[in-house]
Amino acid sequence: MVKSIGPKKIRTAVFISGTGSNLKNLIKFSLKKKSPIEIILIISNNPKAKGLEYSKIYKIKKKIYNYNKKKISETKTLKDLKSNDINLICLAGFMKILSKDFINNFKGKILNIHPSLLPKYKGLNTHDRAIHNKEKYSGCTVHLVNSKLDSGKIILQKKVKLSKKETVSSLQKKILKHEHILYPKAISKLFANP
Ligand code: GAR
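Residues numbered from 1 in each chain as written. Predicted model: local features only at pLDDT ≥ 70, side-chain atom pairs only at ≥ 80, totals over all residues. Heavy atoms only, no water.

1. Examining the site of the ligand
The following threshold applies: Whether a residue is near a molecule or strand depends on its heavy atoms: if one lies within 4 Å, it is near. Here a polar contact is recorded for every N or O atom pair within 3.5 Å, except that within protein the pair must consist of a potential hydrogen donor and a potential acceptor, and residues adjacent in sequence are included only if both atoms are side-chain atoms. Only Asp, Glu, Lys and Arg are considered charged, only Ala, Val, Leu, Ile, Met, Phe, Trp, Tyr, Cys and Pro nonpolar, and every remaining residue, Gly among them, polar.
The immediate surroundings of the ligand are formed by T19, G20, S21, N22, G93, M95, I113, H114, P115, L176 and E179. A distance of 3.5 Å separates an oxygen atom of the ligand from a polar atom in the backbone of T19. With respect to the ligand, the backbone of N22 contributes an N or O atom lying 2.9 Å from an oxygen atom. In the shell around the ligand, the residues fall into four nonpolar, six polar and one charged.

Now the structure itself:
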């Protein structure tokens, strides 16, 4: 009997700056048979990013560029993405803003996870601001990236209730757990075969 070869997975690059818990989670997801993505490349602006250890553990190529020199770094990154046939970028705690030019090169093919219920609390210090404003709820959002910060089309959101004693660190942990469910769910929603 001829074994049927499943549909090809989407060649994906994940961009990180720090801990990389979303990266780890996406790698685990990508290894599932049903996952529409495979992770080919990890890009980081931070040579000390803890998440880079997953490159070693899971044997995934990594590239580190100094994004303070944005133009040069973006050009090098684009070269890597092209030479590795990358078709999807997942930003996962990548704390640099990509240029319009870069985004146009991957129009509709860049996803981001953001720790708030967008359009509320774009940018940094989301948890701090939500607590300070005595919000009852915050959460996380997976969205497409366009040239305006945290403003692209929303794919999925998860609402999370704040407790009375919520701190930045407790809220961050609480929301992160939901991020790990939401990101794979959003990718499946966009790309899974029927
Ligand atoms: C996550 O909470 C992610 O939503 C946030 O950084 C954290 C990274 O954690 N991203 C942003 O704030 C983007 N503006 P991780 O490194 O453990 O995945």
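2. Points about the state of the cysteines
What counts is decided by this rule: Any cysteine sulfur atom paired with another within 2.5 Å is treated as part of a disulfide.
Under the definition given, this model contains zero disulfides. A disulfide-free cysteine, C90 has its sulfur positioned 15 Å from the sulfur of C140, the nearest such atom.

3. As for the environment of N146
Spelled out, the test is: Counting from the N terminus, the helices are the DSSP runs of H or I reaching at least four residues and the strands are the DSSP runs of E reaching at least two. Throughout, a contact is declared for two residues whenever any of their heavy atoms are within 4.5 Å.
If you trace the backbone, N146 turns up in the loop between β6 (137-144) and β7 (154-161). When the C-alpha atoms of N146 and L176 are compared, they prove to be 23 Å apart, with 30 residues separating the residues in sequence. Each residue touching N146, except ones within four places of it in the same chain, is listed here: I103, S151 and G152. Polar side-chain contacts of N146 include one of 3.0 Å to the backbone nitrogen of K148.

4. A closer look at the nonpolar core
Rules: What we call a nonpolar core is a set of buried Ala, Val, Leu, Ile, Met, Phe, Trp, Tyr and Cys residues that are connected through their side-chain atoms within 4.5 Å. Each residue's exposure class comes from its accessible area (1.4 Å probe, protein chains only) as a fraction of the maximum for that residue type: buried when under 20%, exposed when over 50%, partly exposed otherwise.
Membership of the largest hydrophobic core comes to 31 residues, with the highest contact counts inside it found for V14, I16, L111, V142, Y183 and I187. The dominant element in this core, judged by the number of residues it contributes, is helix α6 (residues 168-191), at six residues. If near-sequence neighbours (up to four positions away) are discounted, I16 is found in contact with L23, I42, I43, S44, N45, A49, G51, L52, A92, G93 and F94.

Without other data, these values stay purely geometric and don't point to any function.
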